[in-house]
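Topology and contacts: notes
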Amino acid sequence: VQLQASGGGLVQAGGSLRLSCAASGRTFSRYGMGWFRQAPGKEREFVAAISWSGTSTFYADSVKGRFTISRDNAKNTVYLQMNSLKPEDTAVYYCAATPAIVKVTASEYGYWGQGTLVTVSS
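The present account deals with the structure reproduced in this document.

What counts and how
- Residues numbered from 1 in each chain as written.
- Predicted model: local features only at pLDDT ≥ 70, side-chain atom pairs only at ≥ 80, totals over all residues.
- Heavy atoms only, no water.
- Phe/Tyr/Trp six-rings, centres within 6.5 Å; stacked < 30°, edge-to-face > 60°.
- Helix = DSSP H or I, 4+ residues; strand = E, 2+ residues; numbered from the N terminus.
- Lys NZ or Arg CZ within 6 Å of the ring centre and 35° of its normal.
- Core = buried A, V, L, I, M, F, W, Y, C linked by side-chain atoms within 4.5 Å.
- Buried < 20%, exposed > 50% of the residue type's maximum accessible area, 1.4 Å probe, protein only.
- Contact = heavy atoms within 4.5 Å.
- Disulfide = S-S within 2.5 Å.
- Salt bridge = Lys/Arg side-chain N within 4 Å of Asp/Glu carboxyl O.

1. Structural notes on the packing of aromatic side chains
Following the criterion strictly, the structure yields 6 aromatic pairs and no others. Taking 6.5 Å as the distance between ring centres and 80 degrees as the angle between the ring planes, the aromatic pair formed by Tyr94 and Trp112 counts as edge-to-face. In this pair, Tyr94 sits in strand β9 (residues 91-98) while Trp112 sits in strand β10 (residues 111-112), placing the two residues 18 residues apart along the sequence. Members of the aromatic cluster, each reached through a chain of ring pairs, are Phe36, Phe46, Tyr94, Tyr109 and Trp112. Sitting above the plane of the Tyr94 ring, Arg44 keeps its charged end 3.9 Å from the centroid. In this structure, Arg44 packs its charged tip against the face of Trp112, placed 4.7 Å from the ring centre.

What follows is the structure in structure tokens.
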């Protein structure tokens, strides 16, 4: 599966952005999907994940209550709605796919998009 992330940009603290990740292939509904991020000088970290059907979601504590992951299997797309953004959310955001129902660790994802930069100004 090939992934293409989009929707990043510059936003003021407190603002919102919605990231999208479009996937190729006809078996998108059989992949758990995740969002990860990597800030300058830091390791890549888990942000959110969603199961095949979308019934199960998981979030990092740092984004819980502010970010929402969702998916539209008919459009082969996963989304990350980001509200109440903070400067510490500044990072390159990556979407990823795993054949497992859902995972929260980067090493268990075999397919990655190219990343989209989110910059939150204070």
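Further notes follow.
2. Quick look at the nonpolar core
Ranked by size, the top nonpolar core spans 36 residues in total, and within it Met33, Trp35, Leu80, Met82 and Tyr93 carry the most contacts. For this core, the secondary-structure elements that each account for two or more residues are β1 (3-6), β3 (17-23), β4 (32-38), β5 (45-50), β7 (67-72), β8 (77-82), β9 and β11 (116-121). Residues in contact with Met82, not counting those within four places in the same chain, are Gly15, Ser16, Leu17, Leu19, Arg66, Phe67, Tyr93 and Val118.

3. Points about the state of the cysteines
Throughout the structure, instances matching the rule amount to 1 disulfide. Put simply, Cys21 and Cys95 are joined by a disulfide, and their sulfur atoms are 2.1 Å apart. Where Cys21 bonds to Cys95 through sulfur, the torsion about that S-S bond is close to 60 degrees, and the disulfide is right-handed. With Cys21 in strand β3 and Cys95 in strand β9, the pair connects residues that are 74 residues apart, well separated along the chain.

4. Observations concerning the pattern of salt bridges
By the definition in use, this model includes 5 salt bridges. Asp89 serves as the salt-bridge partner of Arg37, at 2.9 Å between the closest nitrogen and oxygen. With Arg37 in strand β4 and Asp89 in the loop between β8 and β9, this pair connects stretches of sequence that are 52 residues apart. The residues Arg37 and Asp89 share a single accessibility class, namely buried. In this structure, Asp89 engages Arg66 in a salt bridge whose closest nitrogen and oxygen atoms are separated by 2.8 Å. Of this pair, Asp89 sits in the loop between β8 and β9 while Arg66 is found in the loop between β6 (57-59) and β7, placing the two residues 23 residues apart along the sequence. By the burial criterion, Asp89 is buried, and Arg66 matches it. Linked through salt bridges whose partners overlap, the residues forming this network are Arg37, Glu45, Arg66 and Asp89.

5. Description of the environment of Thr119
Examined against the element boundaries, Thr119 turns out to sit in strand β11. Using a relative accessible area of 27% as the deciding quantity, one classes Thr119 as partly exposed. When the C-alpha atoms of Thr119 and Asn73 are compared, they prove to be 28 Å apart, with 46 residues separating the residues in sequence. Contacts of Thr119, omitting those with residues within four sequence positions, involve Gly9, Leu10, Val11 and Thr90.

6. With respect to unusual backbone geometry
Of note, the phi angle at Asn76 is positive, near 55 degrees, even though the residue is not glycine. With a phi angle near 50 degrees, Ser84 is a residue other than glycine that sits in the positive phi range. In this fold, Ser84 is placed in the loop between β8 and β9. Judged by its relative accessible area of 40%, Ser84 falls in the partly exposed class.

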